[in-house]
Amino acid sequence: MSVSGIGTTGYPIAGYGAKRTQQNTAGKSFAEQVNNVASVKPHTSIVYMKTDDMLYSGGNGTGLSFYIKYADNSTEDDPTVIAKGVDENGNEFEQAIHINKINPRNASLVEMTALESYMGVDKNGGLTSLPPETGMMGLHDKTNFMDMFQKQISDMKLLSQKKAVSYYQYSMQAYWDFMNKK
């Protein structure tokens, strides 16, 4: 594991490296195995430390990691945020997101996180109000979050998880209200 200092974006970051290899080690000496593992480049994830001017800082299980801030040109009529980070392949990205143009029926994880942050949707003590399936979404993946909420509610009903059903219904309603105000 390694911890880095200040990243190229000027914000504190921490990089965590975990070496994973799956190789046939039959017949190889311990020294050969160690040397082989040592030559594998570690996978590094970047975590942006949240600052006071950020609406959000986080990511998901794919390696997608980003933060969201208000854009300099953001207005009350056209709230706009900037999302900066690295995608699931480690490539840097920057997106301007106009909140009023987000469609929860066809949105990316970054767009929905921007909407969630802008609206201040209660995260119920967790990291997000969005369904768990978002944990495997990449930067450019888009989905119908309203269908995703309905599936999560259905699954929680099947499992008799009344509190979870109530929470996801609350979250879904917040996004329905947003769509109906447009």
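Scroll up to find the structure.
This is a predicted model, so every value here is computed, not measured.

(A) Expanded view of the sheet that holds strand β5 (residues 80–86). Pairing within the open sheet is antiparallel, and its four strands lie in the order β3-β4-β5-β6. Single-partner strands in this sheet number two, and they are β3 (54–59) and β6 (92–98). The mean inter-strand angle of the sheet, taken between neighbouring strand axes irrespective of direction, is 15 degrees. One ladder, built from seven bridges, connects β5 with β6; its direction is antiparallel. The residue bridging V81 from the neighbouring strand is I97, located in β6. On the sheet, helix α2 (residues 109–119) packs against β3, β4 (65–70), β5 and β6 and is oriented at approximately 45 degrees with respect to β4.

(B) Here's a closer look at the environment of D52. As for its position among the elements, D52 is in the loop between β2 (43–48) and β3. Distance in space between the C-alpha atoms of D52 and K69 is 9.7 Å, their sequence separation being 17 residues.

(C) Layout of the side chain of N60. Along the chain, the position of N60 falls in the loop between β3 and β4. Judged by relative accessible area, N60 falls into the buried class, the value being 17%. There is a polar contact of 2.7 Å between the side chain of N60 and the side chain of T62. In contact with N60, not counting residues within four places along its chain, are L109, T134, G135, M136 and M137.

(D) Seen up close, helix α3 (residues 145–158). With 14 residues, α3 should reach 20 Å at 1.5 Å per residue; the first-to-last C-alpha distance of 20 Å fits that figure. Inspection of α3 places F145, M146, M148, F149, Q152, I153 and M156 among the buried residues, and these make up the whole buried set. Each buried residue of α3 sits inside an arc of 155 degrees when the element is viewed along its axis, so together they form one side. More than 90 degrees from the buried face of α3, the exposed residues found are K157 and L158. Summarising the contacts, the buried residues of α3 are in contact with β7 (107–108), α2, β8 (142–143) and α4 (162–181). Residue N144 occupies the N-cap position of α3, its side-chain oxygen lying 3.0 Å from the main-chain nitrogen of M146. Looking at the residues trailing α3, positive phi occurs at S160, about 60 degrees.

Parameters at a glance
Residues numbered from 1 in each chain as written. Predicted model: local features only at pLDDT ≥ 70, side-chain atom pairs only at ≥ 80, totals over all residues. Heavy atoms only, no water. Pairing = 2+ DSSP bridges. Helix = DSSP H or I, 4+ residues; strand = E, 2+ residues; numbered from the N terminus. Axes fitted to C-alpha atoms, helices over the stretch in contact; angles between N-to-C directions. Contact = heavy atoms within 4.5 Å. Buried < 20%, exposed > 50% of the residue type's maximum accessible area, 1.4 Å probe, protein only. Polar contact = N/O pair within 3.5 Å; in protein donor to acceptor, adjacent residues only side chain to side chain. Expected span 1.5 Å × (residues − 1). Arc of directions from axis to C-beta.

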